[in-house]
Amino acid sequence: MNETLKSHLQPINRFAVKAIQSVEGDIIDCVLIHKQPAFNHPLLKGHKLWNPPKISKGHKQMNNFSDNIESWSLSGEFCPEGTIPIRRRKEYKFFGRKDISQRHYHATAIVEGGFTGAKANINIWTPSVEKKDEYSAAKIWIISQSFSEFIEVGWQVFPSKYRDNKPRLFVYWTADGYKRTGCYNLECPGFIQTNREIYLERAIFRTSTYNNNQCGLNLRIEQDTDSGHWWLGYGDGHIVGYWPSNLFKELKGEAHLVQFGGEVLDVNPSGYHTATSMGSGHFAEEGFGKAAFFSNNQVKDSTFSMVDLVEMKIVFMVFDKNLLSNDYVALQMEIKRLGSSGKRVFAKDDIQGIPSSIPGRNNIWPVHVPP
């Protein structure tokens with residue numbers, strides 16, 4: 001697999017017309033847009049590059065919620081027209097999910113139905129990661145009904161992948177449940193980038209501070225009605241690129257689930273639990289500015305209308321904090337329909353249907369959503 005990735009990535013530099021150094025120290029190659037990895041996919045042979053559609057702009061940021069759209073270029077310049085920025089790799093190591101047999105932990109909100117898009121402001125932190133092969137991420141998932149096709153976007157701290165401990169912008173896709181297809185970013189043919197100013201794997205240097213300024217990313221995924229392609233939006237109206245509908249079977253149409261939340265990879269197959277943090281590393285009961293959060297979560301329904309999550313039935317997957325020294329137990333909770341007034345905190349009084357046999361049932365912490 002590493003050799004396959006190496007043979008795929010090494011020729012990219014031949015199609016670079018320019019190299020730019022980023023403020024984070026990355027070297028960015030400006031590669032001809034039609035020579036990017038996606039067009040090597042057998043299902044994309046002869047694929048015509050689509051122009052970005054008009055998709056909804058992101059929410060205005062809340063007070064002290066800084067956007068991360070500043071120039072990444074040390075010189076202030078971007079890649080020229082007709083090219084896209086690709087972070088230069090010093091090593092060629094494939095990071096597919098199919099090779100990961102370790103434990104994944106999630107704290108997420110899951111919405112079920114028929115959806116053609118999702119968006120949210122994702123709070124950004126620099127979580128501690130215990131081992132270089134572990135990661136901590138916050139992201140949006142688009143999921144098919146058979147749970148075999150996934151589209152993901154968010155930020156992650158993944159030391160062995162990016163060779164640092166900075167949160168970085170990433171995308172992921174798979175068409176067979178993380179078995180043989182799909183990859184991160186532009187590591188394999190699939191995602192088609194159209195933006196010459198935003199690069200995947202970009203380090204995010206403005207992050208949140210405990211009990212102080214909060215920073216975040218405004219991300220969204222929306223399906224184009226004409227082509228069925230899934231477009232990635234960043235910030236206030238920036239379009240990064242798209243996952244072609246050709247890559248999928250079920251996701252040629254609506255998604256069955258949308259999921260928002262955090263994920264931690266634990267490489268300890270048995271024994272003690274990883275010390276890798278999720279988000280800020282603090283529980284939601286501490287509130288805004290201390291616990292990581294998603295805000296302005298919306299999904300686009302089958303009528304192509306954006307709907308606030310607080311108006312829908314939500315299933316939260318959270319974990320019993322009494323079990324941190326041992327292992328997590330996932331709990332499904334039905335949150336009562338909530339209004340849109342004032343501060344919203346999902347406390348344990350709002351939880352229904354948790355079996356009394358589950359350990360720590362009375363110690364579930366609240367899920368904080370900022371006003």
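This structure is a prediction, so every number in the text was calculated from the model and none was measured.

Thresholds, definitions, all that
- Residues numbered from 1 in each chain as written.
- Predicted model: local features only at pLDDT ≥ 70, side-chain atom pairs only at ≥ 80, totals over all residues.
- Heavy atoms only, no water.
- Buried < 20%, exposed > 50% of the residue type's maximum accessible area, 1.4 Å probe, protein only.
- Helix = DSSP H or I, 4+ residues; strand = E, 2+ residues; numbered from the N terminus.
- Pairing = 2+ DSSP bridges.
- pLDDT = per-residue confidence, 0-100.
- Contact = heavy atoms within 4.5 Å.
- Disulfide = S-S within 2.5 Å.
- Salt bridge = Lys/Arg side-chain N within 4 Å of Asp/Glu carboxyl O.

A.B. asks: Could you clarify how one ought to interpret the pairing of strand β15 (residues 294–301) in this entry?
C.D. replies: A regular strand places its side chains on the two faces of the sheet in alternate fashion. For β15, a buried count of six out of eight residues is recorded, marking the element as mostly surrounded by other parts of the structure. Alignment of strand β5 (residues 103–123) against β15, held across six bridges, turns out to be antiparallel. The residue of β15 that forms the bridge with G117 is K300. In this sheet, strand β16 (residues 306–308) lies alongside β15 in antiparallel orientation, the contact comprising three bridges. Considered in β16, the bridge of K300 is made with M306. Linking β15 to β16, which pair antiparallel, is a turn of four residues; within it F304 sits at a positive phi near 65°.

A.B. asks: Which parts of the structure should I look at to understand the confidence of the model for the protein chain?
C.D. replies: Detailed reading of the predicted coordinates is not advisable wherever pLDDT falls low. Scored by pLDDT, the protein chain comes out at a mean of 78, with 71% of its residues at no less than 70. Segment residues 60–67 is flagged for pLDDT under 50; beyond a separation of four residues in sequence, or across chains, it makes 26 contacts in the model. Counted against residues more than four places away or in other chains, residues 314–371, with its pLDDT under 50, gives 117 contacts.

A.B. asks: How should the state of the cysteines be read in this particular structure?
C.D. replies: As used here, a disulfide is simply a covalent bond connecting the sulfur atoms of two cysteines. With the rule as written, the count across this model stands at two disulfides. Between the sulfur atoms of C30 and its disulfide partner C79 the distance amounts to 2.1 Å. Here the S-S torsion is close to -80°, and the disulfide linking C30 with C79 is therefore left-handed. Here the residue C30 occupies a position in strand β2 (residues 27–32), and C79 occupies one in the loop between β3 (65–66) and β4 (83–87), the gap between them amounting to 49 residues. By relative accessible area, which is 0% here, C79 ends up buried. Paired through a disulfide, C183 and C188 show a sulfur-sulfur distance of 2.1 Å. Here the disulfide of C183 and C188 is left-handed, its torsion about the S-S bond being about -90°. On the basis of relative accessible area, C183 is assigned to the buried category, the value being 0%. You can call C188 buried: its relative accessible area is 13%. Counting only the cysteines that take part in disulfides, in the order they occur along the protein chain, gives the pairing 1-2, 3-4.

A.B. asks: Any chance you could explain unusual backbone geometry here in plain terms?
C.D. replies: Residues other than glycine seldom take positive phi values, yet N185 does so here, at roughly 50°. Phi at F304 is positive, roughly 65°, even though this residue is not glycine. Structurally, F304 is set in the loop between β15 and β16.

A.B. asks: Just to check I follow, could you spell out the pattern of salt bridges for this structure?
C.D. replies: It is possible for side chains of opposite charge to pair when their charged atoms get near one another. Taken as a whole and assessed by the stated rule, the structure comprises 14 salt bridges. For R89, the salt bridge goes to E187, with nearest N and O atoms at 2.6 Å. Taken together, the positions of R89 in the loop between β4 and β5 and E187 in the loop between β9 (183–184) and β10 (192–193) put the pair 98 residues apart, joining distant regions of the chain. Taken as a pair, R89 and E187 share a single burial class, namely buried. Among the charged side chains, a salt-bridge network with shared partners connects D26, R87, R89, K161, D164, R168, E187 and E201.

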